[in-house]
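If you want the building blocks of each chain, they are given just below.
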Amino acid sequence: MKIGVLLKEVPDSESIIRIAADARSIETDRLQWTINPYDEIALEEALRLKEKLGGPSATASPEACRAGEVVVITAGPARAVDSMRKALAIGADRGILIRTEGLELDPATTASVLAGAARRESFDVIFAGKTAFDDGWGQVHIGVAEMLGIPCASPVERIEFDMRSKEALCARPASAGIKETVRLRLPAVIGCEKGLNQPRYASLPGIIKARSKPIAEFEASVLGGAPEISILTERLSPPPERRMGRMIGGTPREAARELARLLREEAKVI
Amino acid sequence: MKILVVAESEGGALKRHSAELIGKAASLAGAEGEVAAFAAGVPDEAVSHALGMAGAGRVYAADVAGVTARSGQALASPLCEAIAGFDPDAVLGSATPFGADLMARASMRLGRGMSADCTSMTADDRGFLFERPVYGGGATATVRPRSRPAFATVRPNSFPNRPAFDGSPEISMLDAAEADGARIEGVEQSEPGMLDLAEADRIVAAGRGIGGAGNFGVIRDLAGALGAAVGASRAAVDEGFISHDHQVGQSGRAVSPSLYIACGISGSIQHMSGMRGSKVVVAINSDPEAQIFARADYGIVGDMFDVVPALAEEIRRMGCD
């Protein structure tokens, strides 16, 4: 069983975002980078599946080794190798970095290069986060499924695999309190939602072992077929700031009464 | 200008966010333009009428039955067929799980991708411009689709909803095929009566300060009085006080109600990023130093277990629209 994980490096969510001089990108020099939190959930799910199937042992044949392999794929700059190395320390077996420096990307072009790399690997299943914390496109993994011509379910909060029938039973939220169960035929792409699992940390032996695990690098152009971008970011602007509003004093009953009055007469929202 | 809107309905009623989106499309398209709606299943008379009232002159209906009707995979083909037939300048959907899934599928099938989760939409002589929050709300991106049609999903409650048209659209039927390799086997209501956060016009949310799952009663009671959905901070979800379905924030739902009442929520960056779209924010917290007060329109320093029931009582006394 060959398991793919789409992994993206994003600024840590505690980072202060500063818009760069070009007004179209952000300043990256002082940012802390991390694995996209939803992708950590995807990686954890991949590792659990591999463990359930029985991972490769030292005496296993090359076929058996491949039977439980977790491969992380990232489209990003050279810097992203640090996050990939962290994923290898957590337990992934190898990495594929698709170098995208100097390229203008949108969801379709990103999906296209990721699908190009995935196509060469013929994964039995591909896990991804349901969206990325930075650009929040939430569609790249769905695009990868579409381009590979395989089914997809997202966002998924519970999965059961049936290895005999090569199917995955996925639960996902549809709308308020309603959950859908989707039966996917493998190979498929699964977009992971919070609550699916609790991601593990890298162990010290894992960190040492990760140094010798391979990360292959490709130029995005080699993977070919990337369409021209169809969504252009014209500018970034700081979000509208909320100012400090009015504090309401008095006893709880007085404050509640005054708040209700203001919500009706001033804010006009009730 | 021609705009196609993916419309959602439930139980024979058009979703409010879909009516809102069709109305916005109609105002963008202008008198010379044309707006069509794409609907899953054959719309009944009430839904057709509501689609027409909102501004759709034509409805493309995908003839699917049963639960598979909700599947983006089953509907991507008929949606692409509707796009080929109508030839719109833009295809719009709501930023709901259904809308996001179907729009992602269809836009990627046409090699484009979509401007996801937009909060503003305008058109100029070069086409459409969408605004969308990025970096967890740390910046706003203005994006321009460079190919036609432009695809975008829009957060519910981004535009005023004002039905203004007569309600008799022309209906064209499209066939939908069973999705290949992905089949919806069942739907289950995990929490009866839950209102959807993303669609809610009012939200009452609690944080770690709520102290326990059993204490959510005071929050639910105020929500009931307001007709509001119940939200929670990550801290309250991580403590196991309430399910993740209720989480507002960077790792939960992005919401855009007209009223957001935050009870016992400190106001972390991640939480604020999810509720930034709220029009009026009320903070109730016993800690006068809580960051949330700096972002709230109205603040009360006090114990939520005193203030929230008093507020519920006051609102019931006043009556609430």
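Use the structure listed above.
An account of the accompanying structure is given in this report.

The rules behind these values
Residues numbered from 1 in each chain as written. Chains lettered and ligands numbered in written order. Predicted model: local features only at pLDDT ≥ 70, side-chain atom pairs only at ≥ 80, totals over all residues. Heavy atoms only, no water. 1 Å grid on protein atoms, 1.4 Å probe; cavity = no way out; pocket = protein on both sides within 12 Å on 5 of 7 lines; lining within 4 Å. Points joined across faces, edges and corners; volume = space filled by probe spheres on them. Helix = DSSP H or I, 4+ residues; strand = E, 2+ residues; numbered from the N terminus. Nonpolar A, V, L, I, M, F, W, Y, C, P; charged D, E, K, R; others polar. Core = buried A, V, L, I, M, F, W, Y, C linked by side-chain atoms within 4.5 Å. Buried < 20%, exposed > 50% of the residue type's maximum accessible area, 1.4 Å probe, protein only. Contact = heavy atoms within 4.5 Å. Buried area = accessible area lost by both parts, 1.4 Å probe. Salt bridge = Lys/Arg side-chain N within 4 Å of Asp/Glu carboxyl O. Polar contact = N/O pair within 3.5 Å; in protein donor to acceptor, adjacent residues only side chain to side chain. Pairing = 2+ DSSP bridges. Axes fitted to C-alpha atoms, helices over the stretch in contact; angles between N-to-C directions. Parallel < 35°, antiparallel > 145°, perpendicular 65-115°, else oblique. Left-handed = near helix turned anticlockwise from the far one by under 90°.

**Examining the layout of surface pockets**
- Looking at the largest pocket, its volume works out to about 1,400 Å³.
- In terms of lining residues, the largest pocket is bounded by 49 residues, among which Lys8(A), Leu105(A), Asp134(A), Asp135(A) and Tyr135(B) are the most central.
- For the lining of the largest pocket, the leading source of residues is strand S4 (residues 69-76) of chain A, giving four residues.
- A class-by-class count of the residues in the lining of the largest pocket yields 22 nonpolar, 14 polar and 13 charged.

**A short note on the nonpolar core**
- Ile98(A), Leu4(B), Phe38(B) and Leu92(B) are the most contacted members of the largest nonpolar core, which has 89 residues in total.
- With sequence-adjacent residues up to four places away left out, Phe38(B) is seen in contact with Leu4(B), Val5(B), Val6(B), Ala7(B), Tyr60(B), Ala62(B), Leu75(B), Pro78(B), Leu79(B), Ala82(B), Leu102(B) and Leu174(B).

**Notes on the interface of chain A and chain B**
- The interface is formed by 81 residues belonging to chain A together with 89 residues belonging to chain B.
- At the boundary of chain A with chain B, total buried surface from both sides reaches about 7,400 Å², with 52% on carbon and sulfur atoms.
- A per-residue breakdown of the area chain A buries against chain B is headed by Glu146(A), Lys194(A) and Arg242(A), which together make up 10% of the total.
- On inspection of chain A and its partner chain B, the count reaches 10 salt bridges.
- Our enumeration of links across chain A and chain B arrives at 36 residue pairs in polar contact (both at pLDDT 80 or more).
- Mapped by element, the contributors of at least two residues to the side of chain A that touches chain B are helix H4 (107-121), helix H5 (140-148), strand S9 (167-175), strand S10 (178-185), strand S13 (231-237), strand S14 (246-247) and helix H8 (252-265) of chain A.
- Considering every element that reaches the side of chain A that touches chain B, the biggest residue donor is H8(A), with 10 residues.
- In terms of residue class, the side of chain A that touches chain B is built from 45 nonpolar, 11 polar and 25 charged.
- Taken together, the two bridges between S14(A) and strand S18 (residues 298-301) of chain B define a ladder with parallel strand orientation. Its bridge partner lying in S18(B), Arg246(A) is registered against Tyr298(B).

**Here we look at the packing of helix H3 (residues 72-86) of chain B against helix H4 (residues 97-109) of chain B**
All names here are of chain B.
- Between H3 and H4, the shortest axis-to-axis distance is 9 Å and the interhelical angle comes to 50°. When the axis of H3 is compared with that of H4, the two are oblique. Considering only the axes of H3 and H4, their crossing is right-handed. Contact residues: Gly72, Gln73, Leu75, Ala76, Ser77, Leu79 and Cys80 in H3; Phe98, Asp101, Leu102, Arg105, Ala106 and Arg109 in H4.

**Quick look at the environment of Arg16(B)**
All names here are of chain B.
- Structurally, Arg16 is set in helix H1 (residues 16-29).
- Those residues in contact with Arg16 that sit more than four places away from it in its chain are Asn157, Asn161, Glu199 and Asp201.
- A polar atom in the side chain of Arg16 sits 2.7 Å from the side chain of Asn157.

**Remarks on the packing of H5(A) against H4(B)**
- Direction vectors running N to C along H5(A) and H4(B) enclose 50°, while the axes themselves pass 9 Å from each other. Classified by the angle between their axes, H5(A) and H4(B) sit oblique to one another. Crossing angle aside, the handedness with which H5(A) passes H4(B) is right-handed. Residue-level contacts link Val140(A), Ile142(A), Gly143(A), Ala145(A), Glu146(A) and Met147(A) of H5(A) to Asp101(B), Ala104(B), Arg105(B), Met108(B) and Arg109(B) of H4(B).
- The class makeup of the residues in the contact of H5(A) with H4(B) is six nonpolar, one polar and four charged.

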